[in-house]
Amino acid sequence: MDIQEFQQVLGVHFFDPDLLRQALTHRSYVNEQDDEFLEDNERLEFLGDAILDFITADLLYRRHPAMSEGMMTRLRSALVRTDSLAQLAGDCRVGEAILMGKGEENSGGRERPNNLCRAFEAVIGAIYLDRGLEAVREFIIPRLVALESEVMHEAIHKDARSQFQ
């Protein structure tokens, strides 16, 4: 999928599409290219991870005024864990847009949860740098709210199974 189509899928138009391209560039792709200026997504991933933690904590704090700190911590961890973010990445078709090396791609890299999670975090970092924190909030909060319902439903069923066992 090209960058223009991916922006349509995301619902976010970038002022600087090169930021999005970098967010979607896996280290394996950089290693196979002869371009000393090409950068992978690892720095954007670092930034996106921190932004996701902040926005998720803020969301939980505001949505659940009676929730304890420990419960908010557990819920935040469930929302930003690798599998959860890989699911959000899948919903946004991130795997189709990642630039990756042939070896990584041939070994199933487009579906690997770690790759999807990291690219999704990098996309969050790119949105932040390109459009600002409010644009990240507009993009991620509806997704987190939907995911929160699913995570809480799973936690209730898991707890009920644990009590039964």
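Residues numbered from 1 in each chain as written. Predicted model: local features only at pLDDT ≥ 70, side-chain atom pairs only at ≥ 80, totals over all residues. Heavy atoms only, no water.

1. Thoughts on the pattern of salt bridges
This structure, assessed with the given rule, holds ten salt bridges. One salt bridge in this structure joins Asp 18 and Arg 21, with 2.7 Å as the shortest N-O distance. Of this pair, Asp 18 and Arg 21 both sit in helix 2 (residues 17-23), three residues apart, roughly one helical turn. For Arg 21, a relative accessible area of 34% puts it in the partly exposed group. (Salt bridge = Lys/Arg side-chain N within 4 Å of Asp/Glu carboxyl O. Helix = DSSP H or I, 4+ residues; strand = E, 2+ residues; numbered from the N terminus. Buried < 20%, exposed > 50% of the residue type's maximum accessible area, 1.4 Å probe, protein only.)

2. As for the confidence of the model for the protein chain
Detailed conclusions should not be drawn from predicted coordinates in areas where pLDDT is low. Scored by pLDDT, the protein chain comes out at a mean of 90, with 93% of its residues at no less than 70. A low-confidence stretch, residues 159-165 stays under pLDDT 50, and its non-local contacts, those more than four residues away or across chains, total zero contacts. (pLDDT = per-residue confidence, 0-100. Contact = heavy atoms within 4.5 Å.)

3. Focus on the packing of aromatic side chains
All told, the structure shown has one aromatic pair when counted by the stated rule. Summarising the aromatic geometry, the rings of Phe 120 and Phe 139 are spaced 6.1 Å apart at their centres and angled 35° between planes, so their arrangement reads as tilted. Placement of the pair is Phe 120 in helix 9 (residues 113-131) and Phe 139 in helix 10 (residues 133-164), with a sequence separation of 19 residues. Pair check on accessibility: Phe 120 and Phe 139 agree, each one buried. The positively charged end of Arg 143 is found above the aromatic ring belonging to Phe 139, 4.0 Å away from the centroid. (Phe/Tyr/Trp six-rings, centres within 6.5 Å; stacked < 30°, edge-to-face > 60°. Lys NZ or Arg CZ within 6 Å of the ring centre and 35° of its normal.)

4. A closer look at the side chain of Arg 137
Structurally, Arg 137 can be placed in helix 10. A relative accessible area of 18% means that Arg 137 is categorised as buried. Excluding anything up to four places from it in sequence, Arg 137 contacts Phe 54, Ile 55, Asp 58 and Pro 142.

5. Concerning the packing of helix 6 (residues 82-91) against helix 9
Viewed as axis vectors pointing N to C, helix 6 and helix 9 meet at an angle of 70°, and their least axial separation amounts to 8 Å. Judged by the angle between their axes, helix 6 and helix 9 are roughly perpendicular. Side by side, helix 6 and helix 9 meet where Thr 82, Asp 83, Leu 85, Ala 86, Leu 88 and Ala 89 of the first sit next to Pro 113, Asn 114, Leu 116, Cys 117, Phe 120 and Glu 121 of the second. (Axes fitted to C-alpha atoms, helices over the stretch in contact; angles between N-to-C directions. Parallel < 35°, antiparallel > 145°, perpendicular 65-115°, else oblique.)

6. Comments concerning the environment of Gln 33
Assignment of secondary structure puts Gln 33 in the loop between helix 3 (27-32) and helix 4 (42-63). Exposure remark for Gln 33: the relative accessible area of 33% places this residue in the partly exposed category. Taking the C-alpha atoms as reference points, Gln 33 and Ser 149, 116 residues apart in sequence, are found 42 Å from one another.

7. Observations concerning the state of the cysteines
Counted under the stated rule, the structure contains zero disulfides. With no disulfide of its own, Cys 92 lies 13 Å from the sulfur of Cys 117, the closest cysteine sulfur. (Disulfide = S-S within 2.5 Å.)

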